[in-house]
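One-letter residues, chain by chain:
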Amino acid sequence: VWGTPKNLRAPVNSAAWESLPSLSFDGKQIYFSSNRPGGFGGKDIWVTTFEDNKFTEPVNLGPTINTEYDEDAPLIHQDNQTLYFSSSGWPGMGSNDLFYSRKDENGNFTAPVNMGYPINTSGDERSFHISRSGKKAFISSSRLGGFGGVDIYSFQLYKEAQPVPTSYVKG
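Here is what the cut-offs are and how they apply
Residues numbered from 1 in each chain as written. Predicted model: local features only at pLDDT ≥ 70, side-chain atom pairs only at ≥ 80, totals over all residues. Heavy atoms only, no water. Pairing = 2+ DSSP bridges. Helix = DSSP H or I, 4+ residues; strand = E, 2+ residues; numbered from the N terminus. Core = buried A, V, L, I, M, F, W, Y, C linked by side-chain atoms within 4.5 Å. Buried < 20%, exposed > 50% of the residue type's maximum accessible area, 1.4 Å probe, protein only. Phe/Tyr/Trp six-rings, centres within 6.5 Å; stacked < 30°, edge-to-face > 60°. Lys NZ or Arg CZ within 6 Å of the ring centre and 35° of its normal.

(A) Looking closely at the pairing of strand E10 (residues 125-130). Summarising the sheet, E10 and strand E11 (residues 136-141) pair through 4 bridges and their orientation is antiparallel. Pairing of His-129 across the sheet is with Phe-138, part of E11.

(B) Quick look at the nonpolar core. By size, the foremost hydrophobic cluster in this structure holds 13 residues, and its most contacted members are Tyr-84, Met-115, Ile-119, Phe-128 and Leu-157. Secondary-structure elements contributing two or more residues to this core are strand E8 (97-102), E10 and E11. Within the second largest apolar cluster, 10 residues are counted, among which are Tyr-31, Leu-61, Leu-83 and Phe-109.

(C) Up close: the environment of Phe-50. Note on placement: Phe-50 falls in strand E3 (residues 44-51). Between the C-alpha atoms of Phe-50 and Gly-3, which are 47 residues apart in sequence, the distance is 20 Å.

(D) Just unusual backbone geometry, in detail. The residue after Ala-10, namely Pro-11, is reached through a cis peptide bond having omega 10°. Inspection of the secondary structure puts Pro-11 in the segment before strand E1 (18-23). Residue Pro-118 follows Tyr-117 across a cis peptide bond; omega there is 10°. Locating Pro-118 in the fold gives a position in the loop between strand E9 (113-114) and E10. Here Arg-9, not a glycine, exhibits a phi torsion of approximately 55°, which is positive. Its place among the elements puts Arg-9 in the segment before E1. Its identity as a non-glycine residue notwithstanding, Asn-80 has a phi of 60°, on the positive side.

(E) Fine view of the packing of aromatic side chains. If you walk through the whole model with that rule in mind, you get 5 aromatic pairs. Ring centres 5.9 Å apart and planes at 20° place the aromatic pair Phe-85 and Phe-99 in the stacked group. Residue Phe-85 is found in strand E7 (residues 82-87), and its partner Phe-99 is found in strand E8; the two are separated by 14 residues along the sequence. Overall, Phe-85 belongs to the buried group, its relative accessible area being 0%. Counting every residue linked through ring pairs, the aromatic cluster contains Tyr-84, Tyr-100 and Phe-128. Over the ring of Trp-46 we find Arg-36; its NZ or CZ atom is 5.4 Å from the centre of that ring. Cation over ring: Arg-143 sits above Tyr-153, and NZ or CZ is 4.8 Å from the ring centre.

Any link to function would need more than the numbers given here.
Right, here's the structure in full:
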C-alpha cells in the first residue's frame, strides 16, 4: 500500500526546478535534474546522499557530465556505476540525445558516450529506462514515423552500453 508522499524539503528541494529523480539501488543516493544556482547552465544533473538520517547538500556532477545546455532524465543503474541521461549540450544527432557514463576506479564519472543511431535520431530522445538484466531498454522519442508527438520504444541494448552485470542476495 502506498503511503502519503513526503516532500524531501531543503536541501534537495529548492526554489529552482528539480525533477526526474533516480534512486540508487542501495537507496543511499538520488540523482536528479535541476536548474538550481551553481550549475553550468540550463539543467544539470546533481546527486544527494542519505547520511545520518537526512539528505546531504546536492553536489553537481561537474563538467564531465554537465554542459552549458540541458542535461536531463538521469538514470543510475542497479550496478551503481552506469549513469544514463539525456543532453542537448553534448554533440549529437538531434535536439536531445541519450548518453551513458561509468564511474572510474576513483568513483568519478567518465566522459559521456553518445548511444548513437538508431537509438538517437534527428528527433528528440529524452528518457531512458532499462530492464534488470541490462539488455532491454526503453526510450521516449519524437522520431519520425511514430504515432504522436512522443512515443515509447523498446529494443535490445548493444553490449558496450549495457551496465555492469549485477546480482544480489537477500536473506
